[in-house]
Amino acid sequence: MTDNKKIKTALVSVYNKENLDTIIYRLNELGVKILSTGGTKSFIESLGIEVTSVESLTGYPSILGGRVKTLHPKVFGGILSRRNNQGDQSHLVQYEIPEIDLVIVDLYPFENTVASGAAEQEIIEKIDIGGISLIRAAAKNYNDVIVVPSQKEYIPLLNLLNGKCGESSLDDRRNFAGKAFAVSSHYDSAIFNYFNRNVSEDTERISLNNGEILRYGENPHQKAVFFKYNNTSAGVTLANAHVLQGKALSYNNMLDADAAWKSAGDAYHSVKHIKNKVAVSVIKHLNPCGLAVTGNILKSLELAWEGDPISAYGSIICFTDKVTAEVANWFGSKFVEIIIAPEFTEDALDIFTKKKNLRLMVVPVKNEITGEKLYRSINGGILIQDEDEGLDAEFNTVTKKPFETEKANLAKFGIVACKHLKSNSIAIVTENKDGSFWLTGAGMGQPNRLDSLRQLSIPRFKMKEGLDIEKSVLISDAFFPFRDSIDAANEYGVKYIIEPGGSIRDNEVIEACDEFGIAMAFTGKRHFKH
């Protein structure tokens, strides 16, 4: 016995009507009776196609401002009735309920309404009740009914109608049913997340659609997919960046681009005293090997690159201002993977087109506070935490030598630089005579803090023209557990240190600073990054 089913009656109730016309014309050609209501019914009538109103079927008008239209036994009975069940069939005869073989729905755009910043009442009215009920009912009864749950499935349905002349197999119907439950579960997740903002931290709903298959993962033998999600609290996101040129982004490219965008944005927001400020970050393997904020885009680029010109090879660069032809020419034969900026001039784009593999990404500057969550997987589970955002506000001097207030702005910039380095991390930041800031030394990713400090390449630092390490500030992302790091810092000539404090040996560390005439301040805030 064949499992093919002929479509005789279709119910159509959609929000988005683009590409619906060809389906309606085809259904009419196949002799399918069409039921509809509201704006969809008016649209079908405008095509010159006969349509039966749902109201004439149910005997009830659309009520409550359109909130109740299809919620009626004569509609849902026709969808949910089992064609091979005698009891169901007798009820259809008794209550004069027609069988409905095809349900086409496109839900109210709840997520888009939230993202638009609409008032709550408008958002609530975009919670679809009838449509979601039709989708679930038709999907449940996929043995007899075919369901089209969104505009995305209009074309697949049209192909089916043309290919099988209005018939569908069980596999066809089951396939559409699976897509229907994907739509309904995602829709419900979006509604829950809207209501759950800052309410319940022990409940989370993550629903992701339209994944982009990447070339490979962290390594060529690993598979990877990129999903973009709507987080209405985050505002501007890197996931919405527009790629202007170059080959497809890889898994590692995306991670590094995110690190570049976040570090540049945070550095930009950390500096308040520079007019027309521009931040530039240089990222390699998720770590800033260069970071600078000045009042001139080219100078910011030069200082960020000079932070570690060896590591800058093959890096990802992020600007917080428009990239001009002058900047594009500066790169010359230098090899970088990606350049990110809020805008590129036409002249700059003309220059970059010669570098065919160079990716250019356009995205606005990161907001100071995004409210975004960070997700990390472990075997068999997932960890969720808040993003480490905002500036450290307090600097409490703990040494005999005071930590000068004029160093506070530099220290804030340094904390941002340090917190974007992998723990254990140490950063040295320097202020130039014109008030510009840059990252002049970085140690990161070591299993102990002393090795991170030794990684700073102080001899290379001292070779940088015009730098005085005694006027720079050393930042640690966490407390110094022993005085050995202070001993090493003193050997390098460091005179200013910022750390969170909190060690059981804080007094020992403070005494070492006093012994060497080093000014140290505690922030009380750790910035681990694993």
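Figured I'd write up the structure that's included with this text. (Residues numbered from 1 in each chain as written. Predicted model: local features only at pLDDT ≥ 70, side-chain atom pairs only at ≥ 80, totals over all residues. Heavy atoms only, no water.)

## Quick notes on the overall build of the chain
Reasoning step 1: Along the chain, the regular secondary structure elements total 19 helices and 23 strands.
Reasoning step 2: On C-alpha atoms alone, the chain measures out to a radius of gyration of 31 Å, which is more than a quarter above the 24 Å that the 2.2 N^0.38 rule sets for 530 residues.
Reasoning step 3: In terms of principal-axis extent, the alpha carbons of the chain reach across some 95 × 55 × 45 Å.
Reasoning step 4: Counting every position in the chain, which comprises 530 residues, the buried fraction comes to 48%.
Reasoning step 5: Across the chain, contacts joining residues at least 24 apart in sequence account for 59% of those joining residues at least 6 apart.
Reasoning step 6: When the accessible surface of the chain is split by element, carbon and sulfur atoms take 49% of a total near 25800 Å².
Reasoning step 7: Taking the average place of the 60 positive charges on the side chains of the chain and the average place of its 67 negative ones, the gap between the two points comes to 3 Å. (Helix = DSSP H or I, 4+ residues; strand = E, 2+ residues; numbered from the N terminus. Rg over C-alpha atoms; globule rule 2.2 N^0.38 Å. Buried < 20%, exposed > 50% of the residue type's maximum accessible area, 1.4 Å probe, protein only. Contact = heavy atoms within 4.5 Å. Areas by Shrake-Rupley, 256 points an atom, 1.4 Å probe, with all protein chains shown as cover. Lys, Arg positive; Asp, Glu negative; His and termini not counted. Charge placed at Lys NZ, Arg CZ, Asp CG, Glu CD.)

## Description of the sheet that holds strand β3 (residues 33–36)
Reasoning step 1: Taken together, the five strands give an open sheet; going across it, the order is β4-β3-β2-β5-β6, and neighbouring strands pair in parallel fashion. Each edge of the sheet is formed by a strand with only one pairing partner; in this case those strands are β4 (52–53) and β6 (146–148).
Reasoning step 2: Taken together, the four bridges between strand β2 (residues 9–14) and β3 define a ladder with parallel strand orientation. The residue bridging Leu 11 from the neighbouring strand is Leu 35, located in β3.
Reasoning step 3: Against the sheet, helix α8 (residues 130–140) makes contact with β2, β5 (102–106) and β6, and its axis sits at roughly 145 degrees relative to β5, the strand it touches most. (Pairing = 2+ DSSP bridges. Axes fitted to C-alpha atoms, helices over the stretch in contact; angles between N-to-C directions.)

## Notes on the pattern of salt bridges
Reasoning step 1: Counted by the stated rule, this structure contains 21 salt bridges.
Reasoning step 2: The shortest N-O distance in the salt bridge between Glu 99 and Arg 83 comes to 3.7 Å. Placement of the pair is Glu 99 in the loop between α5 (86–94) and β5 and Arg 83 in the loop between α4 (73–80) and α5, with a sequence separation of 16 residues.
Reasoning step 3: Exposure remark for Glu 99: the relative accessible area of 26% places this residue in the partly exposed category.
Reasoning step 4: Classification of Arg 83 as buried rests on a relative accessible area of 17%.
Reasoning step 5: In this structure, the salt-bridge partner of Glu 153 is Lys 179, at a minimum N-O distance of 3.2 Å. Taken together, the residues Glu 153 in the loop between β6 and α9 (154–164) and Lys 179 in helix α10 (residues 170–195) connect sequence positions 26 residues apart.
Reasoning step 6: Among the charged side chains, a salt-bridge network with shared partners connects Arg 83, Glu 99 and Asp 101. (Salt bridge = Lys/Arg side-chain N within 4 Å of Asp/Glu carboxyl O.)

## Focus: unusual backbone geometry
Leaving glycine aside, a negative phi is the common case for residues, and trans is the common case for peptide bonds.
Reasoning step 1: Across the junction of Ser 423 and Asn 424, the peptide omega takes the value -10 degrees, indicating a cis bond.
Reasoning step 2: The residue Asn 424 is located in the loop between α15 (408–419) and β19 (426–431) in this model.
Reasoning step 3: The phi dihedral of Asn 210 falls on the positive side, at around 55 degrees, and the residue is not glycine.
Reasoning step 4: For Asn 276, which is not glycine, the phi dihedral falls at a positive 50 degrees.
Reasoning step 5: Locating Asn 276 in the fold gives a position in the loop between α11 (251–270) and β11 (278–284).

## A word on the sheet that holds β11
In sheet architecture, strand pairing relies on hydrogen bonds along the backbone and comes in two forms, parallel and antiparallel.
Reasoning step 1: Spatially, β10-β15-β14-β13-β11-β12-β20-β19-β21-β22-β23-β18 is the arrangement adopted by the 12 strands of the open sheet, whose pairing is mixed. Two strands lie at the open edges of the sheet, namely β10 (242–245) and β18 (396–397), each paired on one side alone.
Reasoning step 2: Of the pairings in the sheet, the one linking strand β13 (residues 315–319) to strand β14 (residues 336–341) comprises four bridges and is parallel in character. Within the sheet, the bridge partner assigned to Ser 315 lies in β14 and is Val 336.
Reasoning step 3: Most of the contacts of α11 go to β11, to which it runs at about 150 degrees, and overall it touches β11, β12 (287–294), β13, β14 and β15 (359–362).

## Things to note about the pairing of strand β21 (residues 473–476)
Reasoning step 1: Burial along β21 is two-sided: the residues Val 473 and Ile 475 and Leu 474 and Ser 476 are all buried.
Reasoning step 2: The sheet contact formed by β19 and β21 spans four bridges and is antiparallel. Bridged to Ile 426 within β21 is Ser 476.
Reasoning step 3: Bridge count between β21 and strand β22 (residues 496–499): two bridges; the pairing is parallel. The residue of β22 that forms the bridge with Leu 474 is Ile 497.
Reasoning step 4: Crossover β21 to β22 through helix α18 (residues 484–492) is right-handed. (Right-handed = clockwise from strand over helix to strand, strands pointing away.)

## Observations concerning the packing of α4 against α8
Reasoning step 1: Interhelical geometry of α4 versus α8 gives an angle of 30 degrees and a closest axis separation of 8 Å. Classified by the angle their axes make, α4 and α8 are roughly parallel. Contacts from Val 75, Phe 76, Ile 79 and Leu 80 in α4 reach Gly 130, Ser 133, Leu 134, Ala 137, Ala 138 and Lys 140 in α8.
Reasoning step 2: In terms of residue class, the contact of α4 with α8 is built from seven nonpolar, two polar and one charged. (Parallel < 35°, antiparallel > 145°, perpendicular 65-115°, else oblique. Nonpolar A, V, L, I, M, F, W, Y, C, P; charged D, E, K, R; others polar.)

## Description of the nonpolar core
Reasoning step 1: Ranked by internal contacts, the top residues of the largest apolar core, which has 55 residues, are Leu 27, Ile 79, Leu 102, Ile 104 and Phe 110.
Reasoning step 2: The dominant element in this core, judged by the number of residues it contributes, is α10, at seven residues.
Reasoning step 3: What Leu 27 contacts, discounting residues up to four positions off in sequence, is Ala 10, Val 32, Ile 34, Leu 102, Ile 104 and Leu 161.
Reasoning step 4: Ranked by size, the runner-up nonpolar core spans 30 residues in total, among them Val 282, Leu 301, Ala 304 and Phe 331. (Core = buried A, V, L, I, M, F, W, Y, C linked by side-chain atoms within 4.5 Å.)

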